[in-house]
Amino acid sequence: MNQLSNVALSPEVRANTVGKHALVIDNDATAALGVSVALERLGVKVVAEISRIEEATAYPADLVCCDLVLSREGLALQGAAGIAELVSRGRHVLALSSVARSYEVGNVIGVGALGFIDRDNLDWGDFGVAVGDVGTGRRHLSRSLAARLLADLHERPLPDRLELNQGARQLLEDLFIEGDAVLKSLASQELDALTDRVWSAWSRRAIRYRLELTERHLELLRRFHDGASAEAIAKAMNVSIGTIHADQDRIKAVLFATYGKDLKREAACRLVWQLVDGQLMWGDRNGELK
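As the structure is a computational prediction, the values presented were derived from the model and not from experiment. (Residues numbered from 1 in each chain as written. Predicted model: local features only at pLDDT ≥ 70, side-chain atom pairs only at ≥ 80, totals over all residues. Heavy atoms only, no water.)

## Overview of the pattern of salt bridges
As a reminder, the rule being used: A pair is scored as a salt bridge if a Lys or Arg side-chain nitrogen falls within 4 Å of a carboxyl oxygen belonging to Asp or Glu. Numbering of helices and strands runs from the N terminus, with a helix taken as a DSSP run of H or I at least four residues long and a strand as a DSSP run of E at least two residues long. We call a residue buried when its accessible area falls under 20% of the maximum for its residue type, exposed when it is over 50%, and partly exposed in between, using a 1.4 Å probe and counting protein chains only.
A full pass over the atoms with the stated rule returns 19 salt bridges. In this structure, the salt-bridge partner of E173 is R169, at a minimum N-O distance of 3.6 Å. Placement of the pair is E173 and R169 together in helix α7 (residues 166-178), with a separation of 4 residues, close to one helical turn. Its salt-bridge partner being R265, residue D249 comes within 2.9 Å of it at the nearest N-O pair. Placement of the pair is D249 in helix α12 (residues 241-259) and R265 in helix α13 (residues 265-276), with a sequence separation of 16 residues. Under the relative-accessibility criterion, R265 is labelled partly exposed at 25%. Via salt bridges that share partners, D152, R156, E163 and R205 belong to a single interconnected network.

What follows is the structure, given as structure tokens:
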């Protein structure tokens, strides 16, 4: 953190961050202190440094800077599940990590984190811009996020209809190779549209992998979304009605954490297909559930 004394913060960055309140979640006290010092230099008031996501409810803040790997205890909230919990409580989350795998970073974006910063390749200027964006509820694309998402694309390919379109993928590649100057060259509306595509694509990827959806599952969801009954689907797909119900229950179970246990089986299946098909964002609670 001795680099902090040499960081020049632009007036624009400081204007976007002054007056904000932040919560730092990290079980490494030294790392937490470093983030807090950086935030304070940006004009952000740090309300607390804590080591467990479960404690976050006690501290109101505009922004949560959260490390992705917090504990080796199996029951402790962390990673995508922990970020999803923070997002569900209305927090604006900037994720940080140096050891998280690419797919974990992708899943964190998929459940609603507004940005990701790689500690091993930390650019304090980018950190300041990220804090300004995330603190006001804007998604922040960074070179470190682009690197993780491109690696995830390579390591975990999906069917073309679930992947990023060419424009959004090219943006990530340009950002990774050339840095933040790429973003500054884009009109704000164009950048917002491309950023939306990146987050939407990763919400679908996260769902696909969390559910481990096979092509048969996707076909089942498509037929439900088109209005077919369980009996008609079982007949058309040449499987038993019990198999269809088991698949529905599996899909519904995954949605419980986000949407509550009052979901009907059919509503859950239709909602997942809308998410996979890109009609809703993960975490959008305005879907038709009744």
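## Let's talk about the pairing of strand β4 (residues 92-97)
We count it as follows: In this description, strands pair whenever DSSP reports at least two bridges between them. Orient the strands so they point away from the viewer; a crossover is then right-handed if the path from the first strand over the helix to the second runs clockwise.
Within β4, 5 of the 6 residues are buried, which leaves the element mostly enclosed by the surrounding structure. Examined bridge by bridge, strand β3 (residues 63-67) and β4 share 5 bridges and lie parallel to one another. Considered in β4, the bridge of L63 is made with H92. Two elements, β4 and strand β5 (residues 115-118), share 4 bridges in a ladder whose sense is parallel. Across the sheet, residue A95 finds its bridge partner in β5, namely F116. As a crossover connection, the stretch from β4 through helix α4 (residues 102-110) into β5 is right-handed.

## Regarding the nonpolar core
Let me state the cut-off plainly: Buried Ala, Val, Leu, Ile, Met, Phe, Trp, Tyr and Cys residues form a nonpolar core when they are joined through side-chain atoms within 4.5 Å. It only takes one pair of heavy atoms within 4.5 Å for two residues to be counted as in contact.
Residues I25 and L141 are the most contacted members of the largest nonpolar core, which totals 42 residues. The element best represented in this core is helix α9 (residues 188-211), accounting for 6 residues. Apart from the residues within four sequence positions on either side, L141 is in contact with L171, L172, L175, L183, L191, T195, V198 and W199. Within the second largest apolar cluster, 25 residues are counted, among which are I207, A230, I233 and V276.

## Some thoughts on helix α5 (residues 124-135)
For an α-helix, 3.6 residues make a turn, and residues three or four places apart therefore share a direction. Put simply, the rule is: How far a helix is expected to stretch is found by multiplying one less than its residue total by 1.5 Å. Polar contact criterion, stated in full: a pair of N or O atoms within 3.5 Å, where within protein one must be able to donate a hydrogen and the other to accept it, and residues adjacent in sequence count only if both atoms are side-chain atoms.
Along its 12 residues, α5 runs 16 Å from first to last C-alpha, staying within 8% of the 16 Å computed at 1.5 Å per residue. Counting buried positions along α5 yields 10 of 12 residues, so the element is predominantly enclosed. Those residues of α5 that fall on the buried side of the exposure criterion are W124, D126, F127, G128, A130, V131, G132, D133, V134 and G135. With a side-chain oxygen lying 2.8 Å from the backbone nitrogen of G125, the N-terminal cap of α5 falls on D123. Immediately beyond the C-terminal end of α5, within one or two residues, lies G137, with a positive phi of roughly 85 degrees.

## Looking at the packing of aromatic side chains
Put simply, the test is: Centres within 6.5 Å make a pair out of two Phe, Tyr or Trp rings, where for Trp the six-membered ring is used; the pair is then stacked when the planes are under 30 degrees apart, edge-to-face when over 60, and tilted otherwise. Lysine and arginine charges are scored as sitting over a ring when NZ or CZ, respectively, is within 6 Å of the ring centre and within 35 degrees of the ring normal.
Applying the stated criterion to the full structure yields 1 aromatic pair. Plain terms: the ring middles of W124 and F127 are 5.3 Å apart, the flat faces sit at 80 degrees to each other, and that makes the pair edge-to-face. Linking W124 with F127, this pair stays in helix α5, spanning 3 residues, or about one helical turn. The buried category is assigned to W124, whose relative accessible area is 11%. For F127, a relative accessible area of 2% translates into the label buried. Lying over the aromatic face of Y209, R156 brings its terminal NZ or CZ to 3.8 Å of the ring centre.

## Some points on the packing of helix α10 (residues 215-225) against α13
Selection criterion: As a rule, the C-alpha atoms of each element are fitted with a line to give its axis, helices using only the stretch in contact, and angles between N-to-C directions run from 0 to 180 degrees. Roughly parallel covers angles under 35 degrees, roughly antiparallel covers those over 145, roughly perpendicular covers 65 to 115, and oblique covers all other angles.
Contact geometry of α10 with α13 gives a least axis separation of 8 Å together with a crossing angle of 110 degrees. Relative to α13, the element α10 is oriented roughly perpendicular. Where α10 abuts α13, its residues L218, L221, R222, F224 and H225 lie against E266, C269, R270, V272, W273, Q274 and V276.

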